[in-house]
Amino acid sequence: DAGITQSPRHKVTETGTPVTLRCHQTENHRYMYWYRQDPGHGLRLIHYSYGVKDTDKGEVSDGYSVSRSKTEDFLLTLESATSSQTSVYFCAISQAGETQYFGPGTRLLVL
Amino acid sequence: AQSVTQPDIHITVSEGASLELRCNYSYGATPYLFWYVQSPGQGLQLLLKYFSGDTLVQGIKGFEAEFKRSQSSFNLRKPSVHWSDAAEYFCAVGAGNNQGGKLIFGQGTELSVKP
């Protein structure tokens, strides 16, 4: 399995609070991605990174920001969490922007 | 618009029976195609992928998929299903590093296996 960890694995928070999810890889892959998974929608891309400090928006980026200051870490921040951001969040990595390998996921509940 | 459709939300098959999960895509360029499997509470595991060449690709766990350009399909098959195959299956399409490797996923098909 690709060396990808996500933290925390579970989080409960309240509406309006900031939340940061971390993705850490040990594979030295160039590309990193954040997806959210919701029933009936499959996985939808939030943001992705194609190098240190290089990021771009995905399909559902509103309300989310990301940062990548090191190759191994990709942070997803919800500046002010809303109930609609209750979801399972997956990080993925890719060496050359082709095949993606996924982390174990983070379950986020916003009350 | 680019999209992936998995027409079957839920499929139930008997153990030992054959399986086919459907995937249709709409994509302007030559696509990169993937099947992933997700067990409950787990991340996604890559089953197989198609980039070019032989249109019948073999994957892990005895799965195969066939790319049919004329039908815009990439259906997943297995000749004999095992109880451990019960999971959710996702088809995905991408353009490789031309677009940052972004993937578009189908809605998923949940597979149940009867004893």
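Residues numbered from 1 in each chain as written. Chains lettered and ligands numbered in written order. Predicted model: local features only at pLDDT ≥ 70, side-chain atom pairs only at ≥ 80, totals over all residues. Heavy atoms only, no water.

When you look at the overall build of chain B in this model, what are you seeing that I'm missing?
A count of helices and strands for chain B gives zero helices and twelve strands. Computed over its C-alpha atoms, the radius of gyration of chain B comes to 14 Å, within 12% of the 13 Å expected for a compact globule of 115 residues. Counting only C-alpha atoms, chain B reaches 45 × 30 × 20 Å along its principal axes. Buried positions account for 46% of the 115 residues belonging to chain B. In chain B, the proportion of contacts linking residues at least 24 apart, taken out of those at least 6 apart, comes to 54%. As displayed, chain B has an accessible area near 5,400 Å², and 46% of this comes from carbon and sulfur atoms. Both charge centroids of chain B, one from 9 positive and one from 9 negative side chains, sit 6 Å from each other. (Helix = DSSP H or I, 4+ residues; strand = E, 2+ residues; numbered from the N terminus. Rg over C-alpha atoms; globule rule 2.2 N^0.38 Å. Buried < 20%, exposed > 50% of the residue type's maximum accessible area, 1.4 Å probe, protein only. Contact = heavy atoms within 4.5 Å. Areas by Shrake-Rupley, 256 points an atom, 1.4 Å probe, with all protein chains shown as cover. Lys, Arg positive; Asp, Glu negative; His and termini not counted. Charge placed at Lys NZ, Arg CZ, Asp CG, Glu CD.)

Which parts of the structure should I look at to understand the interface of chain B and chain A?
Listed by partner, the interface residues are 22 residues for chain B and 22 residues for chain A. Across the interface of chain B and chain A, roughly 1,600 Å² is buried in total on both sides, 54% from carbon and sulfur atoms. If you look at where chain B meets chain A, you find zero salt bridges. Counting across the chain B and chain A interface gives four residue pairs in polar contact (both at pLDDT 80 or more). Put simply, the parts of the chain that give the side of chain B that touches chain A at least two residues each are β5 (32–38), β6 (44–50) and β11 (103–105) of chain B. Looking at the side of chain B that touches chain A, the element that brings in the most residues is β5 of chain B, giving four residues. Grouping the constituent residues of the side of chain B that touches chain A by class yields nine nonpolar, eleven polar and two charged. (Buried area = accessible area lost by both parts, 1.4 Å probe. Salt bridge = Lys/Arg side-chain N within 4 Å of Asp/Glu carboxyl O. Polar contact = N/O pair within 3.5 Å; in protein donor to acceptor, adjacent residues only side chain to side chain. Nonpolar A, V, L, I, M, F, W, Y, C, P; charged D, E, K, R; others polar.)

What exactly am I supposed to notice about the environment of Gly105 of chain A here?
All names here are of chain A. With respect to the secondary-structure elements, Gly105 resides in the loop between β10 (101–102) and β11 (106–110). Linking Gly105 and Tyr35, residues 70 residues apart in sequence, is a C-alpha distance of 9.4 Å. With residues up to four places along the chain from it excluded, the contact list for Gly105 reads Gln6, Arg9, Tyr89 and Phe90.

So what exactly am I meant to see when it comes to the pattern of salt bridges here?
Note that side chains of opposite charge can pair when their charged atoms are close. A full pass over the atoms with the stated rule returns eight salt bridges over all chains. Its salt-bridge partner being Asp8 of chain B, residue Arg22 of chain B comes within 3.0 Å of it at the nearest N-O pair. With Arg22 of chain B in the loop between β3 (19–21) and β4 (24–26) and Asp8 of chain B in the loop between β1 (3–5) and β2 (10–14), this residue pair connects regions lying 14 residues apart in the sequence. Here Arg22 of chain B falls in the partly exposed class, since its relative accessible area comes to 38%. The network of salt bridges with shared partners includes Arg22, Lys70 and Asp73 of chain A.

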